[in-house]
Amino acid sequence: EAGVVQSPRYKIIEKKQPVAFWCNPISGHNTLYWYLQNLGQGPELLIRYENEEAVDDSQLPKDRFSAERLKGVDSTLKIQPAELGDSAVYLCASSFRTGAEAFFGQGTRLTVV
Amino acid sequence: GDSVTQMEGPVTLSEEAFLTINCTYTATGYPSLFWYVQYPGEGLQLLLKATKADDKGSNKGFEATYRKETTSFHLEKGSVQVSDSAVYFCALSPRGSSNTGKLIFGQGTTLQVKP
């Protein structure tokens, strides 16, 4: 069974440019999470989806970040415009249901120059 | 708010040495506790978990016991191998009315095992 798939693995962009990350969760997993992991830190939750509904986006900086999960499967996280401080690893995770074990993708490492 | 504190790394050990990575937490109520491991170039993987006080989680020779009285969940292994070299994250998930599946992580501890 395929795990959580994220793309791209690495992205380098100039500041003020837009960027998007894509996540394909494990088949059948209704809950999807986006986490931000700064260098040397643990991941921090950005947003949680139950099917296609964003049920917890309190930590998402809505001035520049947006996310969607169309049809309750794949999800996209977007930053526009990117800032130098956005350089980090963006992790996607999914679980069968809220509270069940979460499985993580390999992450997208973003470098903003 | 809820938080997790791990011991600073890196931790450098020789093969077959005993490992302890300390983890303490602050939380309302009785959270579930987890250890995740991140091998180089890979995503986070669940190593073990415990959902209530005095539970012991174990996997691949690693163990951790949920200690409510000391709010701790220290990770231990009796004999480490070079292949255990990775970053280890302690995490909690609040329960009860705030059960969202959200994970709150510590900052991670890098383990280096030398032959």
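That block above? That's the structure.
Below is a summary of the structure that appears in this document. (Residues numbered from 1 in each chain as written. Chains lettered and ligands numbered in written order. Predicted model: local features only at pLDDT ≥ 70, side-chain atom pairs only at ≥ 80, totals over all residues. Heavy atoms only, no water.)

### Re the overall build of chain B
What chain B contains, in helices and strands, is zero helices and 12 strands. Counting helices and strands in the order they occur from the N terminus, chain B gives β-β-β-β-β-β-β-β-β-β-β-β. Here the C-alpha radius of gyration of chain B, 14 Å, is about what a compact globule of 115 residues would show, namely 13 Å. In terms of overall dimensions, chain B has a C-alpha envelope of 45 × 30 × 20 Å along the principal axes. (Helix = DSSP H or I, 4+ residues; strand = E, 2+ residues; numbered from the N terminus. Rg over C-alpha atoms; globule rule 2.2 N^0.38 Å.)

### A word on the nonpolar core
In terms of nonpolar packing, the biggest core is built from 27 residues, with Leu 19, Trp 35, Leu 47, Leu 48, Phe 73, Leu 75 and Tyr 88 of chain B touching the most fellow members. Contributing elements (two or more residues each) for this core: strand S2 (11–14), strand S3 (19–21), strand S4 (23–26), strand S5 (32–38), strand S6 (44–50), strand S8 (62–65), strand S10 (86–93) and strand S12 (109–114) of chain B. Sort the elements by how many residues they give to this core and S10 of chain B lands first, with four residues. Setting aside residues no more than four positions away along its own chain, Leu 19 of chain B makes contact with Val 11, Leu 13, Phe 62, Leu 75, Glu 76, Lys 77, Val 80 and Leu 111 of chain B. Val 4, Phe 21, Ala 82 and Ala 88 of chain A belong to the second largest nonpolar core, which has 22 residues in total. (Core = buried A, V, L, I, M, F, W, Y, C linked by side-chain atoms within 4.5 Å. Buried < 20%, exposed > 50% of the residue type's maximum accessible area, 1.4 Å probe, protein only. Contact = heavy atoms within 4.5 Å.)

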